[in-house]
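What follows is each chain in one-letter form.
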Amino acid sequence: MSLPIVVDAPDNYEDPLDLMDEIDQLKKDRDATILAHYYVDGEIQDIADFTGDSLQLARDATRVETDTIVFSGVHFMAESTKIMNPEKTVLIPDMLAGCSLAESCPADQLGAFQEQLRESGREFDTVAYINTSAAVKSLCDWIVTSGNAREIIDRVPTGREILFVPDQHLGRYLQEVTGRPMILWPGSCMVHEVFSVQDLIRARKNNPGSQVIAHPECPQNILELSDFIGGTEKMRRHVMAISEPSTFLVATEATMIHAFQKSAPQHAFLPIPGIMASTGETCACNRCPHMERNSLRKVRDCLRDGQPEIVWQDYFERARAVLEKSLLE
Ligand code: SF4
């Protein structure tokens, strides 16, 4: 008779259910609300008070009544939450949770480029995707999310050029759908950049009748093969609106499937794999390594310790004016 194999839990193992109970108690003790982006682990989304995309969470954050907000996502999102809620304590589970897209547009380089354009007599508005640092937002005229970009671009006076930062793929897509030519900053997201066209074609062939749904941060070759293009919230609403059980091939951060499955359990969702630029091999790079820095344990720790905290900076005031004009009006 073979004996069962017993695997010891690692020394630092903590039971997720115990962590959830602890988080629940700490939330009450600290008078806190948890906001979680659709791209963080499903177990964090399950204990959050609000889940959503950047636009939805930015709006939800202004309705929070507790003294403290824990933002489980990445740094620029927690910064935006602080900007919109200066009087509240905003905590982030991991201060190192950055964003490759935000980092592709440093504020000093953007400022220098804007100066060059002005010196050459160009009249333009700078439109920034919300995936930018607060320092960059403070240099811009408008902030867009994938959910409201078309509507905001229509508000830019037609006589002015548009400098769109930092996502070249989203910018190119917006040029197409709005018909407004744009000067595009050459930034991109490391997750959406790597979807493999070959794997997408293979997945479609293996799943006849399936629909490809893609985020507009994906490169043009992926968008051209997609049946539906939209930000995360638009995609969620799209799948919810279809009652007939269907298969969806998903070209966005793979954790988003958790929110899709909760909202539309009648469907099957398959992630499109990424492809490693260095080796050309299929990989799991459809998960965002920055979002993956969030964990239940870090949510517990930041609630318990009251840090890491997003601290108010002088340039937040100017960023706030731009965010309010763009997201709330
Ligand atoms: S998925 Fe891309 S754009 Fe979103 S946080 Fe990660 S690196 Fe940034």
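Now for a quick tour of the structure. (Residues numbered from 1 in each chain as written. Predicted model: local features only at pLDDT ≥ 70, side-chain atom pairs only at ≥ 80, totals over all residues. Heavy atoms only, no water.)

## Concerning the packing of aromatic side chains
Scanning the entire structure with this criterion turns up five aromatic pairs. With a centroid separation of 5.4 Å and 75 degrees between ring planes, the pair formed by Tyr315 and Phe316 is classed as edge-to-face. Residue class for Tyr315 comes out partly exposed when judged on its relative accessible area of 34%. Its relative accessible area of 1% is what places Phe316 among the buried residues. Ring pairing ties together the aromatic residues Phe248, Phe260 and Phe269, which thus form one cluster. (Phe/Tyr/Trp six-rings, centres within 6.5 Å; stacked < 30°, edge-to-face > 60°. Buried < 20%, exposed > 50% of the residue type's maximum accessible area, 1.4 Å probe, protein only.)

## Observations regarding the site of the ligand
Close to the ligand lie Tyr39, Cys99, Ser100, Asn131, Cys189, Val191, Glu217, Cys288, His290 and Met291. Residue classes in the shell around the ligand are distributed as six nonpolar, three polar and one charged. (Near = heavy atom within 4 Å. Nonpolar A, V, L, I, M, F, W, Y, C, P; charged D, E, K, R; others polar.)

## Some points on the sheet that holds strand β1 (residues 32-37)
Strand pairing within a sheet occurs via backbone hydrogen bonds; the two strands may be parallel or antiparallel. With parallel pairing, four strands are arranged side by side in an open sheet as β2-β1-β3-β4. This sheet does not close on itself; its edge strands, each paired only once, are β2 (50-52) and β4 (89-91). This sheet shows a mean twist of 20 degrees between the axes of neighbouring strands, independent of strand direction. Pairing analysis gives five bridges linking β1 to strand β3 (residues 68-72), with the strands arranged parallel. The residue of β3 that forms the bridge with Thr33 is Ile69. Against the sheet, helix α1 (residues 16-30) engages β1, β3 and β4, with an angle of about 125 degrees to β1. The strands touched by helix α3 (residues 54-61) are β1, β2 and β3; relative to β2, the strand with the most contacts, the crossing angle is about 150 degrees. (Pairing = 2+ DSSP bridges. Helix = DSSP H or I, 4+ residues; strand = E, 2+ residues; numbered from the N terminus. Axes fitted to C-alpha atoms, helices over the stretch in contact; angles between N-to-C directions. Contact = heavy atoms within 4.5 Å.)

## Describing the side chain of Lys88
Relative to the helices and strands, Lys88 resides in the loop between α4 (75-84) and β4. Look at Lys88: it is buried, it has no salt bridge, and the nearest opposite charge is Glu87 at 4.1 Å. Within the local environment of Lys88, its side chain forms a polar contact with the backbone oxygen of Thr66, the two atoms lying 2.8 Å apart. Apart from residues lying up to four places away in sequence, Lys88 is in contact with Val64, Glu65, Thr66, Asp67, Ile69 and Lys82. (Lys, Arg positive; Asp, Glu negative; His and termini not counted. Salt bridge = Lys/Arg side-chain N within 4 Å of Asp/Glu carboxyl O. Polar contact = N/O pair within 3.5 Å; in protein donor to acceptor, adjacent residues only side chain to side chain.)

## Focus on the nonpolar core
Buried together is how nonpolar side chains tend to be arranged in soluble globular proteins. Counting residues in each nonpolar core, the largest one holds 100 residues, and the members touching the most others are Phe164 and Phe260. With sequence-adjacent residues up to four places away left out, Phe164 is seen in contact with Val127, Tyr129, Val144, Leu170, Gly171, Leu174, Met182, Ile183, Leu184 and Trp185. (Core = buried A, V, L, I, M, F, W, Y, C linked by side-chain atoms within 4.5 Å.)

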